[in-house]
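# Examination of the molecular architecture
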Amino acid sequence: MKAKGIRLINRVKLVGVMCLFAMTSLAHVSDVIDDISSCIRSANTKELSKYFSSTVSMTLLNDEGIYSRVQAEIILRDFFGRNVPTHVKISHRLDSNPNFRYVVLHLETSKDTFRVSYKLTNNDNTFQVTEFRIEPIY
């Protein structure tokens, strides 16, 4: 009888540890999304580019292309130099898939308002931006 009680306690401990691990993993995912949003809010393209994969499919207004991490950083630095962010709000986030994230932001700048969307894919347990779009809101 005493052995059953000890086994039950050990199972409860194991479930508790597993729940804690799962919550920690989910918190990290939210942090990546929030960190990227913060980089956009502050126009910190150097920090933002750290979240990019080696190549990024990018659409900026009417220009599309596949760029290296460095090229994407330069293009975004130029964009944010002309459009200083004043407010950023997460409009939509899809983070239920363990290998894929999709985020849509509402970006207000000194000149205009834009819709920013980006896709993150899991690469070696690290989420990286593989697609990044900035489109005007009419």
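Worth saying up front: this structure is predicted, and the values here are computed from it rather than measured. (Residues numbered from 1 in each chain as written. Predicted model: local features only at pLDDT ≥ 70, side-chain atom pairs only at ≥ 80, totals over all residues. Heavy atoms only, no water.)

Glancing now at the side chain of Thr59. Tracing the chain through its elements places Thr59 in strand 1 (residues 52–60). Thr59 sits in the buried class, given a relative accessible area of 7%. Within the structure, Thr59 has its side chain in polar contact with the side chain of Arg133 (distance 3.4 Å). If sequence neighbours within four positions are ignored, Thr59 has contacts with Glu64, Phe132, Arg133 and Ile134. (Helix = DSSP H or I, 4+ residues; strand = E, 2+ residues; numbered from the N terminus. Buried < 20%, exposed > 50% of the residue type's maximum accessible area, 1.4 Å probe, protein only. Polar contact = N/O pair within 3.5 Å; in protein donor to acceptor, adjacent residues only side chain to side chain. Contact = heavy atoms within 4.5 Å.)

This part takes up the pattern of salt bridges. On inspection of all chains with the given rule, the structure shows eight salt bridges. Glu131 is the salt-bridge partner of Lys119, the closest N and O atoms lying 3.5 Å from each other. A residue pair is termed long-range when its members are at least 10 positions apart, and Lys119 in strand 5 (residues 113–123) and Glu131 in strand 6 (residues 126–136) qualify at 12 residues. Residue Lys119 is classed as partly exposed on the basis of its relative accessible area, which comes to 22%. The structure contains a network of salt bridges with shared partners spanning Asp34, Arg93 and Asp95. (Salt bridge = Lys/Arg side-chain N within 4 Å of Asp/Glu carboxyl O.)

With a phi close to 55°, Asp124 is a non-glycine residue in the positive phi region. Of the residues examined, Asp124 reaches a relative accessible area of 72% and is grouped as exposed. Unusually for a residue other than glycine, Asn125 sits at a positive phi of about 65°. In this structure, Asn125 sits in the loop between strand 5 and strand 6. The class for Asn125 is exposed, based on a relative accessible area of 72%.

It is worth spelling out the sheet that holds strand 2 (residues 63–68) at this point. Strand order in the open sheet made by the six strands is 2-1-6-5-4-3, with mixed pairing throughout. Whereas interior strands pair on both sides, the edge strands pair on one side only; in this sheet they are strand 2 and strand 3 (85–94). Here the strands of the sheet are splayed against their neighbours by 20° on average, with no regard to which way each runs. Sheet analysis places strand 3 next to strand 4 (residues 100–109), joined by eight bridges and oriented antiparallel. (Pairing = 2+ DSSP bridges. Axes fitted to C-alpha atoms, helices over the stretch in contact; angles between N-to-C directions.)

On to the pairing of strand 2. Sparse coverage of strand 2 is indicated by the burial of zero of its six residues. Sheet topology places strand 1 next to strand 2; six bridges connect them, and they run antiparallel. Residue pairing in the sheet places Met58 in a bridge with Gly65 of strand 2. Between the end of strand 1 and the start of strand 2, which pair antiparallel, lie two residues, with Leu61 showing a positive phi angle near 60°.

For the chain, the mean per-residue pLDDT works out to 86, and 78% of the residues sit at or above 70. pLDDT under 50 marks residues 22–29. Its contacts with residues more than four places away, or in other chains, come to three contacts. (pLDDT = per-residue confidence, 0-100.)

In this section: the environment of Asn44. Inspection of the secondary structure assignment puts Asn44 in the loop between helix 1 (2–41) and helix 2 (45–49). The class of Asn44 is partly exposed, set by a relative accessible area of 33%. C-alpha of Asn44 to C-alpha of Phe80: the two residues are 36 residues apart in sequence and 8.8 Å apart in space.

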